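One letter stands for each residue in the lines below.
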Amino acid sequence: MQSYYVTTPIYYVNDEPHLGHMYTTIAADVLARYQRLSGKDVFFLTGVDEHGQKVQQAAEKRGIAPIELADQVVERYQSLWPELEISNDDFIRTSSPRHKAGVQAMWRRLENAGTIYKGFYEDWYCVPCEAYWTETQLKDADCLASDGLETNCLESKLCPDCKRAVEKIQEESYFFRLSAFQDRLIEHIKANPDFIAPASRRNEVLSFIESGLRDLSISRTTFSWGVPVPGDEKHVIYVWIDALTNYLSALGFPDSDQPAHWPADVHLIGKDILRFHAVYWPAMLMAAELPLPKRIYAHGWWTVEGEKMSKSRGNALRPAELLAQYDADVLRYFLLREVPFGQDGDFSFSALKQRYNSELANDVGNLLNRSLAMLNKYRDGLLGAVAEENEIDRALIADAQAMQREVADYMDKQSFHLVLERINAVVRHGNRYVEDNAPWVLAKQGDDARLDTVLYHLIEMLRLVALQLLPFMPEKMAAMLEQIMNRSVTVENCSFATDGGWGVLAAGHQCRKPEPLFPRMD
RNA sequence: GGCGCUUUAGCUCAGUUGGUUAGAGCAACGGAAUCAUAAUCCGUGUGUCCGGGGUUCGAGUCCCUGAAGCGCCA
């Protein structure tokens, strides 16, 4: 069976789950569910990043151990995912023994490959961002001083990114010879156009690498909450070496030298962590002589009602509040439909309502409802035999089948909004088909043969639509399929191979009475 | 400051290697129909394709230049 491995980033436990985390995880879930339906051996991984100075300090502030803090936040993620119907196959915690073993094994591999050396590190460090800044970087960045005067970040000693205080650090450190991989990285990215998506991010990464890579400081001695360097335990392994290795440690690395499912088919990430995934991670893997992931996809950010989400504004959407108001399925649909994956987007309640009413309630929901209503009204819910297919019928079938193929292509490219747009086009075709055939006229005329044919095509088309939408809206589409199939439908008992063909429903099949799937929102 | 991207209908955007009357969805307006969650279907756009210059028989599509917005890097 063909493997399919999809990951989300591991989310940092210093942060509560918010819309951004939901978004990435839902996208990964849709891919995982789609590939399972396609018959692939799917492994879908998410998890949490627990280490680092920021977590250690936050825990100290509250007078608890870092692991206690982590436990609390991990719980928030682990309880949220089922509510959003996230079907991850594993959940990796960086504090777990299996992960630490993986990280230390990775370290040794890098060491054995001669890509690690000990040196001396002096730089400015921003604790909240876990970012290191050079003097030049600080000097060139504008920071507003507390008296309101313009100044640079070196003078004000502020982080150019978050504008919070940076501290000067000077420490013994191990370094990774990132610079040695510059040419190979460029070569790989150029030889594999799909490696980094979207294309704009690929260009950014290329120009970043081409501008010259510095060796990377990969150990710290200033805090202890992390994975110790093997053989030199006063050093803690840099959080990104630690975090990135989760994609392998969850697969059992290093116990299995060639972990099943590796390489990943796609790492979904936010655009903020592109460099770590598209530069550091591939370089590490090259050094460790492991295959590179096939694809890294950096998606965009959400604003809320046109405003940037931030803690200070207090406008971050709380998952619990959203779920109290909307079905998980509706949120999943909206997030992936509203904005092309890779671009920034705006979450607004009016846009959500509009999409819902027009695409889910009026188009799909009502088409299902009117089709089943007619089937029940005219034929007691029984599907009849297809008499003779005409041009109009064949066009509908062809469209549904083309839709299946095109959805597969779009899925391979993570073009979720195009997938949904394409499915919606078939739904519109279905509504047009109803008008063109006017089943109520056929019923009045007593043209049973034609009426049966029309209703059959409608129901069969709806079944294929529901199947394609199943990864996006698992509960709603299971309910839709149950109305059509008249039996309980779960993701486990469906597949494109057995259910994806036209004509699976037999004459004489009994459908249920319609129940509104997507009631209109006021 | 360097590199790159974007600028097309009221809104969000498609527009392949330059080629006949520039498209979609939503919104708006008019009509049809009544199976349906008053949902659906049909019809309706004289758009300076950001401005200016150029290449070409021909440019939204290529080149130069200007403006605005954005991203990455320094």
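The sections below set out a description of the structure shown in this document.

Focus: the overall build of chain A
Broken down by element type, chain A carries 20 helices and 18 strands. Along the first, second and third principal axes, the C-alpha atoms of chain A reach 90 × 55 × 40 Å. Here chain A holds 522 residues, and the buried ones make up 58% of them. Taking contacts inside chain A between residues at least 6 apart in sequence as the whole, the part at least 24 apart equals 76%. When the accessible surface of chain A is split by element, carbon and sulfur atoms take 48% of a total near 21700 Å².

A word on the pairing of strand E8 (residues 167-176)
Along any regular strand, the residues point their side chains to alternate faces of the sheet. Relative to E8, strand E4 (residues 116-126) runs antiparallel, the two being bridged by 10 bridges. Bridge pairing links Tyr117 to Phe175 in E8. Across two bridges, E8 lies against strand E10 (residues 216-217) in antiparallel orientation. Along E10, the bridge assignment pairs Phe175 with Ser217.

Topic: helix H7 (residues 182-191)
Taken together, the buried positions of H7 are Gln182, Leu185, Ile186 and Ile189. When H7 is viewed along its axis, its buried side chains cluster within an angular range of 95° and face the same direction. Turned more than 90 degrees from where H7 packs its buried face, Asp183, Glu187 and Ala191 sit exposed. Buried residues belonging to H7 abut strand E9 (196-197), helix H8 (199-210) and helix H11 (274-287).

Some words on the side chain of Gln483
On the secondary structure map, Gln483 appears in helix H19 (residues 474-485). The residues touching Gln483, leaving out its near neighbours within four places in the chain, are Leu368, Leu372, Cys511, Arg512, Lys513, Pro514, Glu515 and Leu517.

Concerning the packing of H7 against H11
Closest axis-to-axis distance for the H7/H11 pair is 10 Å, and the angle between their directions is 110°. By the criterion of interaxial angle, the relationship of H7 to H11 is roughly perpendicular. Residue-level inspection shows Arg184, Leu185 and His188 of H7 in contact with H11, the latter providing Val279, Pro282, Ala283 and Met286. Its residues assigned to classes, the contact of H7 with H11 comprises five nonpolar, one polar and one charged.

Definitions and cut-offs
Residues numbered from 1 in each chain as written. Chains lettered and ligands numbered in written order. Predicted model: local features only at pLDDT ≥ 70, side-chain atom pairs only at ≥ 80, totals over all residues. Heavy atoms only, no water. Helix = DSSP H or I, 4+ residues; strand = E, 2+ residues; numbered from the N terminus. Buried < 20%, exposed > 50% of the residue type's maximum accessible area, 1.4 Å probe, protein only. Contact = heavy atoms within 4.5 Å. Areas by Shrake-Rupley, 256 points an atom, 1.4 Å probe, with all protein chains shown as cover. Pairing = 2+ DSSP bridges. Arc of directions from axis to C-beta. Axes fitted to C-alpha atoms, helices over the stretch in contact; angles between N-to-C directions. Parallel < 35°, antiparallel > 145°, perpendicular 65-115°, else oblique. Nonpolar A, V, L, I, M, F, W, Y, C, P; charged D, E, K, R; others polar.

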